[in-house]
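# Structural overview for review
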Amino acid sequence: MSNMKITTEQPQAARPSLFSQRHNKLPKDTGIFIVMLGVALIFELAGWYVRDQSFLLNTNRLVLIVLQVAIIGIIAVGVTQVIITTGIDLSSGSLIALTAVVVASLAQTSDSLSPMFPSLVDLPAAVPIIAGIGVGTLCGLINGVLITKTGIPPFIATLGMMVSARGLAQYYTQGNPISFLSDGFTAVGQGAMPVVIFLVVALIFHIALKHTRYGKYVYAIGGNMTSARVSGINVNKYLVIVYTIAGGLAGLAGVVLAARVSTGQSSMGMSYELDAIAAAVIGGSSLMGGVGRITGTLIGAVILGLIKSGFTFVGVDAYVQDIIKGIIIVAAVSIDMQRNRKKR
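About the thresholds
Residues numbered from 1 in each chain as written. Predicted model: local features only at pLDDT ≥ 70, side-chain atom pairs only at ≥ 80, totals over all residues. Heavy atoms only, no water. Helix = DSSP H or I, 4+ residues; strand = E, 2+ residues; numbered from the N terminus. Buried < 20%, exposed > 50% of the residue type's maximum accessible area, 1.4 Å probe, protein only. Contact = heavy atoms within 4.5 Å. Areas by Shrake-Rupley, 256 points an atom, 1.4 Å probe, with all protein chains shown as cover. Lys, Arg positive; Asp, Glu negative; His and termini not counted. Charge placed at Lys NZ, Arg CZ, Asp CG, Glu CD. Core = buried A, V, L, I, M, F, W, Y, C linked by side-chain atoms within 4.5 Å. Polar contact = N/O pair within 3.5 Å; in protein donor to acceptor, adjacent residues only side chain to side chain. Expected span 1.5 Å × (residues − 1). Phe/Tyr/Trp six-rings, centres within 6.5 Å; stacked < 30°, edge-to-face > 60°. Axes fitted to C-alpha atoms, helices over the stretch in contact; angles between N-to-C directions. Left-handed = near helix turned anticlockwise from the far one by under 90°.

Before going further, it helps to examine the overall build of the protein chain. Helix and strand counts for the protein chain stand at 14 helices and zero strands. The N-to-C order of helical and strand elements in the protein chain reads α-α-α-α-α-α-α-α-α-α-α-α-α-α. C-alpha extents for the protein chain along the principal axes are approximately 105 × 60 × 30 Å. Every one of the 344 residues in the protein chain was classed for burial, and the buried ones make up 44%. A fraction of 79% describes how many contacts in the protein chain between residues 6 or more apart in sequence connect residues 24 or more apart. For the protein chain, the computed accessible surface area is about 17,600 Å², with 66% contributed by carbon and sulfur atoms. One finds the centroid of the 23 positive side-chain charges in the protein chain at a distance of 18 Å from the centroid of its 13 negative side-chain charges.

Grouped together as the largest cluster of nonpolar side chains are 88 residues, with contacts concentrated most on I74, V77, F185 and I303. Take this core: its biggest share by element is 15 residues, from helix α11 (residues 235–261).

Below, the discussion takes up the side chain of T158. Looking at where T158 falls in the secondary structure, it is placed in helix α6 (residues 154–173). Here the side chain of T158 touches P154 through a polar contact of 2.7 Å, landing on its backbone oxygen. Residues within four places of T158 in sequence aside, it is in contact with I88, D89, L90, S91, N143 and Y243.

Quick look at helix α4 (residues 92–106) now. With 15 residues, α4 extends 21 Å from end C-alpha to end C-alpha; this agrees with the ideal 21 Å at 1.5 Å per step. Buried residues dominate α4, accounting for 15 of its 15 residues.

The subject of this paragraph is the side chain of T263. Note on placement: T263 falls in the loop between α11 and α12 (272–282). There is a polar contact of 3.4 Å between the side chain of T263 and the side chain of S179. For T263, the residues in contact, after removing those within four places along its chain, are A104, P177, I178, S179, L181, A258 and M268.

Looking now at the packing of aromatic side chains. Counted according to the given criterion, the structure contains six aromatic pairs. Judged by centre distance (6.4 Å) and plane angle (55 degrees), the ring pair of F117 and Y172 falls under tilted. Highlighted residues: F117 in the loop between α4 and α5 (126–150) and Y172 in helix α6, separated in sequence by 55 residues. Judged by its relative accessible area of 27%, Y172 falls in the partly exposed class. Three or more aromatic residues joined by ring pairs make a cluster, and in this case those are F43, F55, F311 and F313.

What follows is about unusual backbone geometry. In the Ramachandran plot, T86 falls in the positive-phi region, its phi being about 75 degrees despite a non-glycine side chain. Looking at the element boundaries, T86 is found in the loop between α3 (59–84) and α4. For T86, a relative accessible area of 35% corresponds to the partly exposed category. Unusually for a residue other than glycine, S262 sits at a positive phi of about 60 degrees. With respect to the secondary-structure elements, S262 resides in the loop between α11 and α12.

Another point: the packing of α5 against α6. Across the interface, α5 lies against α6 with an axial gap of 9 Å and an inter-helix angle of 145 degrees. The handedness of the crossing between α5 and α6 is right-handed. Where α5 abuts α6, its residues C139, I142, N143, L146 and I147 lie against P154, A157, T158 and M161.

On the accessibility criterion, F117 (30% relative accessible area) is partly exposed. Excluding its chain neighbours within four sequence positions, the residues that come into contact with F117 are S105, L106 and Y172.

Our focus in this paragraph is the environment of F180. Mapping F180 onto the fold places it in the loop between α6 and α7 (183–186). Classification of F180 by relative accessible area gives partly exposed; the value is 42%. Those residues in contact with F180 that lie beyond four places of it in its chain are A107, Q108, T109, D111, S112 and L113.

Dropping the structure here:
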């Protein structure tokens, strides 16, 4: 017995390494933030090599990037919540078009050569803004009800809404643009207002997902829908809420876009839904559900904005840009699938 030594020393394999301790202390979005910095640096170097000028040190270009990011980002905040629940929303781009033409028709002034509603000109700016958000919210509600009440997969339900909303926008305008909008309304899309709106929306839903019962239930539904039902969560109710929010944010994006360009057209928002999905996935949201953060989506939207502006800056053809964007989306989803396989 005297030869036996009692030790409280932890085995080497069981102790966390200093590297892992430091790694765990890093913010969760550190990796994607480093990617964003890398993308910016690549285009900065390419700018000096191809055009002999800076990509980043150009105020007009940076402002344009930020404005583009703001519109996509507003949609992506809603799409992120849908993806967390294992769903998908393909209708947001078309909802932008439908919203834009509706708000434009209600924001026309008496100076318009051919107002859509001659008796509804010079309305207060709040009227078209509320109407636009309302149109998007109603369409999102329809998406949610279709998915929960009929069992239609989210892909099919939102695909149907995508086609229908675009068709409604074209029928509403007969293919003609709607212009001569009031200054009070267009102020919503001028200057830094789109960015302010985006950041406020991102902050609200960052807090909602992280610190409220709504966020807890959304993650629970995405993690395991059956377990969420067993634990007493009204899954259908929260799915309807999620899709309604996504539709309302698409409506808000349509309002901001129409105000920014001072017109409403049925061709607006083309492929915006794909950019929003890409921003969410690049930002760390998992298409398998249960994983996603608004902060990551914000960074993902910035990365997309940098890529789009950067390719234009160095002279890459627009069609080639779409090909590369598709490759980026597939790559992001593939990485997400590999990450989920490792977790399992």
